[in-house]
Each structure stands twice: as C-alpha cells, then as structure tokens.
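As a plain string of letters, each chain reads:
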Number of protein chains: 2
Amino acid sequence: MQSALLRSIDQAGIRLTGPRRAVAGLIAKRDGHFTAADLVVDARRRRVEVGRATVFRLLDLLVAERLVERVDLPDGSHAYVPCEASHHHHLVCTSCGVIAEVDDCGIDAVTTEAARRTGFKIDAHRLELFGRCGDCKRKRG
Amino acid sequence: MQSALLRSIDQAGIRLTGPRRAVAGLIAKRDGHFTAADLVVDARRRRVEVGRATVFRLLDLLVAERLVERVDLPDGSHAYVPCEASHHHHLVCTSCGVIAEVDDCGIDAVTTEAARRTGFKIDAHRLELFGRCGDCKRKRG
DNA sequence: TCACAACTGAGACTCAGTCTCACTCTATCT
DNA sequence: AGATAGAGTGAGACTGAGTCTCAGTTGTGA
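Residues numbered from 1 in each chain as written. Chains lettered and ligands numbered in written order. Predicted model: local features only at pLDDT ≥ 70, side-chain atom pairs only at ≥ 80, totals over all residues. Heavy atoms only, no water.

*Asks:* Could you give me a rundown of the relation of the copies chain A and chain B, with the residues and numbers involved?
*Replies:* Under the fitted operation, chain A is carried onto chain B by 0.0 Å of movement along the axis and a turn of 180°, and the coordinates agree to an RMSD of 0.1 Å. The transformation relating the two chain copies, once decomposed into turn and shift, fits a two-fold axis. By C-alpha distance to the rotation axis, the residue of chain A lying nearest is A:Leu127, at 2.2 Å. When you check the interface residues of chain A against chain B, 100% turn up at the interface there too, and the contact is symmetric in its surfaces. (Least-squares fit on C-alpha atoms with pLDDT ≥ 70 in both. Contact = heavy atoms within 4.5 Å.)

Here is the structure:
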C-alpha cells in the first residue's frame, strides 16, 4: 500500500528513491507538526538509515511543491506540516501542538485595506493563529 | 539629545547601562528591519565595544517590552523592527526591506470565523504581509 | 541493458542563539 | 559622598539547525 503523500510526491515529478520513500513514510506516520530533527530521530529509532542532509533536502522539495508547509512557531522555531496544496492558514494549539487548517476566510479584505493605507502592492501573506483546540479547551476549562 | 527608543527603554524600567545605550543608539540609526548580527557588525564598525551576548539580551528585553518586534522573513530568517507598543502588523517590502506598520484592519473577523470553523479558542495571531512598497513599485513598474 | 543525471551519506562547516563565570557597574540607601 | 546588593557585562565555549562538498550509488528513459 502506498501513502497519499508518496503518491503526491510521484505526481509532483520528484524522483522516488529508497531514502525518500522511507522519509515519506515517517512523515505519513506523524500527527500534527514535526521538525526535521524529529524525523531524524524517528529514522534512527526505527533503524531506517537516512542521512540528515537527505531529510533536509526532501523537506525543501516538499515545501517547494507545497506538499508540506513550514510554520513558524511562536517561540521562533520552525516546524513542518503536511498539507493540502491550496492556499490556507494554520491554527496551532499551543497546548497539545495539534494543527488545524482553514482556507481563506476573509483575509483578502484585510490585505486590500492594508495595501490601500500603505501604498504597498501585496504579493504574499502569512497568517498564523495560536490558541487552544477544542479538546484542550474542554480539559482545562 | 536622547533618542525616543532610549526614553522608552527607561520608561519600561530597563536599567540604562553604557552598552545598552550604545546598542539602542545603533538601533535608532537603523532604517527598516535588522538582525542581531547586523547590530554586532555595526558595533564593530563604529568601534563600539559590546559583546554579542549583550546584543541578544537587550533584544530579548525589548521584544518582551514590545519596543521591538521579531519578524519572520519569508526565507525563514528572523529580523527585528523597532515599533509602537500597540498591536499591529508588518508589511515587508521584499525588494528594499523597508517595513510599514498597519494597525488592526479587520483581522478580528477572520480570527472569529476561523475559531468558529475549527472549535479553537484563539489567543494570539501573527500576520505578515509581503510585497513591494510604493517606491519600488514605481521604479520597477 | 546502459548511460548519465540525479541522488546519497558522512562529516566538516557555518551561523544564530544560549550559557557560564568571574568581573564591573548602576541605582539606591544611608 | 561612600557602601553595597544585585543586575549587567564580555569572552568564549557550547548547542543545534541547516548547508555544503565530494566520492560513490541508484533510478529512469532510451
């Protein structure tokens, strides 16, 4: 059986090599966000022999193909999230780390207004929302 | 004469020492965003003797007091921008690096909608806009 | 099957940021 | 003004993420 991620990688025209299959497998098994270091640790734990450089290289490719997105956490560190190719934003639960995606929900009006006020021509934006997911909200009141 | 930043530092209750005055001076002379490394280089160039650790420590304090804000650039690196203490967002010119600030312009509607769809309770958000400022737009068509 | 471009791992390297520690300075109190 | 506590300091070692190089390997289209 082939994971959806592996299929997307193939469709994106990224050469399917042994190490890449292995790393894709590790990503598919992950829930929520992960760092490059997480994958390296996973690989070592499961006796999957993959070089650190290879992990970084594959992540770069996946980001370029928008199969994975890079998220800047509030503490300044970086994480990756496997995601849909369409434009969307992330909600990060600061309590358990789970990430939800929302597609456009009115941000265009905001960017247009900001452009009008400043004279900028806006090409891209990044919106990240931080808070607590439904479960954590319930657990801790 | 005392810079506005220096005055704000004093008002924030941050002890005013020689090295801090020097670094504040360097920040005040900067236009747009800068990195901690930029300040270290500036200091060396002007023969201001300030340790690297001191620069990082002061930046941390300024961020905590919201006199300076940390921005995540699209390439994943970090920069700092001196700014107003009130909540606002940054527009980064990807061509010349200048940064404009806009205060709230309708983002609340977006966060409310995202919260409704996902069940999250949203505590914080980060919005960064990237594009070209008026000048660069004109220069390059 | 073959040839070659793309990929690989190891490990050296870079660079931002942190930490420690002995020393120095500032603010405050008398 | 002088004493003092405790905050701040610089040097430099350290950490950890990410990059780069290079010789050897592998996937793929012909």
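Still more to cover.
*Asks:* Let's hear about the sheet that holds strand β4 (residues 99-103) of chain B: which residues, and what values?
*Replies:* Pairing within the open sheet is mixed, and its six strands lie in the order β4(A)-β3(A)-β5(A)-β5(B)-β3(B)-β4(B). Every interior strand has two partners, whereas the edge strands, β4 (99-103) of chain A together with β4 of chain B, have only one. Averaged over neighbouring strand pairs, the angle between their axes works out to 25° when direction is ignored. Against the sheet, helix α5 (residues 107-118) of chain A touches β3 (88-93) and β5 (121-132) of chain A together with β3 (88-93), β4 and β5 (121-132) of chain B, its axis set at about 130° to β5(A). The sheet strands contacting helix α5 (residues 107-118) of chain B are β3, β4 and β5 of chain A together with β3 and β5 of chain B, and the helix crosses β5(B) at an angle near 130°. (Pairing = 2+ DSSP bridges. Helix = DSSP H or I, 4+ residues; strand = E, 2+ residues; numbered from the N terminus. Axes fitted to C-alpha atoms, helices over the stretch in contact; angles between N-to-C directions.)

*Asks:* Explain the domain arrangement of chain A to me, using residue names and the numbers behind them.
*Replies:* Once the domains are mapped, chain A shows domain 1 (1-85) and domain 2 (86-141). With centres defined by C-alpha atoms, the gap from domain 1 of chain A to domain 2 of chain A works out at 23 Å. (Domains from an automatic or database assignment.)

*Asks:* Describe the interface of chain A and chain B, naming the residues involved and giving the relevant values.
*Replies:* Every contact between the two is made by 40 residues of chain A and, on the other side, 40 residues of chain B. Together chain A and chain B conceal approximately 3200 Å² of surface at their shared face, both sides included; 63% is due to carbon and sulfur atoms. On inspection of chain A and its partner chain B, the count reaches three salt bridges. In this structure, the salt-bridge partner of B:Asp103 is A:Arg117, at a minimum N-O distance of 2.8 Å. (Buried area = accessible area lost by both parts, 1.4 Å probe. Salt bridge = Lys/Arg side-chain N within 4 Å of Asp/Glu carboxyl O.)

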